[in-house]
Amino acid sequence: MYETFRLAYYAQSYQTVPMIGQIIRMSGNNEMNQDFIVIGAGIIGLATAERLLAQGAAVTILERGKVGQESSWAGGGILSPLCPWNYSDEVTRLTSYSASLFAAWVHSLHAASGIDPEYEVSGMLVLPPFDAHAAQQWCVAHEVKVEKNFSVPSATVPSFPIIGRDVWEQDDVLLLPEVAQVRNPRLLRALRSRVKALGGHIIEQCAVHDIVTGSGQVQTLTTACGTFSAQSYIVTAGAWSKQVLGQHALNLNIKPMRGQMLLFKFAAAPLRPILLQDNLYLIYRRDGHLLIGSTLEDVGFNKQTTIAAHNDLFERAQRLVPALGNMPLMQHWAGLRPASPHNIPTIGRHPQLDNLYINSGHFRYGVTMAPASASILLNEITGMPQPFDVAPYRAGWGI
Ligand SMILES: Cc1cc2nc3c(=O)[nH]c(=O)nc-3n(C[C@H](O)[C@H](O)[C@H](O)COP(=O)(O)OP(=O)(O)OC[C@H]3O[C@@H](n4cnc5c(N)ncnc54)[C@H](O)[C@@H]3O)c2cc1C
């Protein structure tokens, strides 16, 4: 038996414009017979849309500005919590599951889009001060590879002197050799291309203003470019998710947390592993770019950069990489992370509205958590088994 569903779009004049609607007919196989509107086109919205489209769903993404220009663009692309031993099991489970999916995911995106997200297992060097003993114990307990008194692989030796032997030969330096990184702006471009190739509609400059409900369901969305309706709705609006949900946010506690980054450019990649010291990290890119981050600032929806943050990041980074002193600053930017208590995102169905879902609040690790979060949401929508207990990711509604 086949069913048809139509994504209805009403233009600003409130006349029905059927071109944007998609008619899908299917059931009786693995494909999904639903249509979805995804609100927000950052890494989470795009990854979610991609998974739905791959299952045969019809998906439209509504984006307030341009695709992938907010937090997902601003981030560093480290695919791990900074000091993984400082986080709860809920964060570890999600980030580890994601790490197991990442390589295959980016390779498939690269193959399909021709855009290389530059996924690389570069390792991460953790510098004191931190509790190295506790860190090693945690790594053993979680089967995470860790090296102390490691020997630097010969291929990386030419770039290491830039750091200074005193830095990486300290007693309490640990190397997490399996930590990977990705060039997030490229990942976003590859994802966008993949979503479009799978038939997804992306509508930019289309802010969602209001979620209109009735009979325990979302009925329509009022937006800057008209009224939209679909069978199901997914909020992936990052730091703005609570605003988008309005009165339906219940006790959701997602708020913006500013992070500032500096960018320098060397002739060739100046460091191999990511360098981490407290909240300061240095990430090289293949073409010699070096990112330095980051601040954690509770200043609301304010994306201004500040001289104080620049000076603080630069001075601390220069102590590790003295060569920075001669380098011109290429760029300095800020992004707004979707901060949640304890870095635990909220993923799943709204407690009161049947056809409303959320995938948001990934705070410092949204790039890392993207493929796992999209999988978990897809499992919930399709009723497939979950890889682990996902109840903690429903707790964010606070009811
Ligand atoms: C400086 C910095 C460094 C970071 N480093 C890392 C890192 O190394 N590794 C890591 O894993 N994570 C990192 N992060 C965190 C990561 O970037 C975020 O967790 C992740 O990008 C969140 O993705 P998102 O799609 O939820 O949000 P966003 O990328 O912010 O996307 C949300 C989208 O929703 C849109 N939107 C908002 N309101 C509306 C509306 N009303 N209607 C329609 N659309 C709307 C926005 O325009 C935006 O495009 C970093 C973040 C920052 C700022």
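Now for a quick tour of the structure.

Criteria and thresholds
- Residues numbered from 1 in each chain as written.
- Predicted model: local features only at pLDDT ≥ 70, side-chain atom pairs only at ≥ 80, totals over all residues.
- Axes fitted to C-alpha atoms, helices over the stretch in contact; angles between N-to-C directions.
- Helix = DSSP H or I, 4+ residues; strand = E, 2+ residues; numbered from the N terminus.
- Left-handed = near helix turned anticlockwise from the far one by under 90°.
- Contact = placed C-beta atoms within 7 Å.
- Buried ≥ 20, exposed ≤ 12 C-beta atoms within 10 Å, placed from the backbone.
- Pairing = 2+ DSSP bridges.
- Near = placed C-beta within 6 Å.

Turning our attention to the packing of helix H1 (residues 43-54) against helix H9 (residues 366-382). The contact between H1 and H9 brings their axes to 9 Å, and the two run at 35 degrees. Crossing geometry of H1 relative to H9 is assigned as right-handed. Residues Ile43, Ile44, Ala47, Thr48, Arg51 and Leu52 of H1 touch H9, and the partners they reach there are Gly366, Val367, Ala370, Pro371, Ser373, Ala374, Ser375, Leu377 and Leu378.

Following both chains from N to C, one finds H1 and helix H6 (residues 184-197) inclined at 35 degrees, their axes separated by 9 Å at the closest point. Pair H1 / H6 crosses with left-handed handedness. Counting all contacts with H1, which are made through Ile43, Leu46, Ala47, Ala49, Glu50 and Leu53, the residues of H6 involved are Leu188, Leu191, Arg192, Arg194 and Val195.

Here we take up the environment of arginine 51. Mapped onto the elements of the fold, arginine 51 is located in helix H1. Taking the C-beta count within 10 Å as the criterion, arginine 51 has 21 such neighbours and is therefore assigned buried. Taking the C-alpha atoms as reference points, arginine 51 and leucine 378, 327 residues apart in sequence, are found 7.1 Å from one another.

Once that is clear, we can look at the sheet that holds strand S9 (residues 201-203). Spatially, 6 strands are ordered S9-S5-S4-S13-S20-S19 in an open sheet, and the strand pairing comes out mixed. The outermost strands of the open sheet, each flanked by one partner alone, are S9 and strand S19 (346-349). Sheet twist, expressed as the average angle between the axes of neighbouring strands with direction ignored, equals 20 degrees. As paired strands, strand S4 (residues 35-39) and strand S13 (residues 232-235) are joined by 4 bridges and run parallel to one another. Paired with isoleucine 39 across the two strands is valine 235, which belongs to S13. Of the strands in this sheet, S4, strand S5 (58-62), S13 and strand S20 (356-360) touch H1, which is tilted by about 165 degrees from S5.

The subject of this paragraph is the site of the ligand. In the vicinity of the ligand, 42 residues are found, and the nearest of them are Gly40, Gly42, Gly238, Gly259 and Gly366. Mapped by element, the contributors of at least two residues to the shell around the ligand are H1, helix H2 (71-74), strand S14 (255-265), strand S18 (331-339) and H9.

Right, let's talk about the pairing of strand S15 (residues 274-277) for a bit. Of the two faces of S15, both are covered, the one formed by Ile274 and Leu276 as well as the one formed by Leu275 and Gln277. In this structure, S15 lies alongside strand S16 (residues 280-284), joined through 3 bridges in antiparallel fashion. Opposite glutamine 277, over in S16, you have leucine 280 as the bridge partner.

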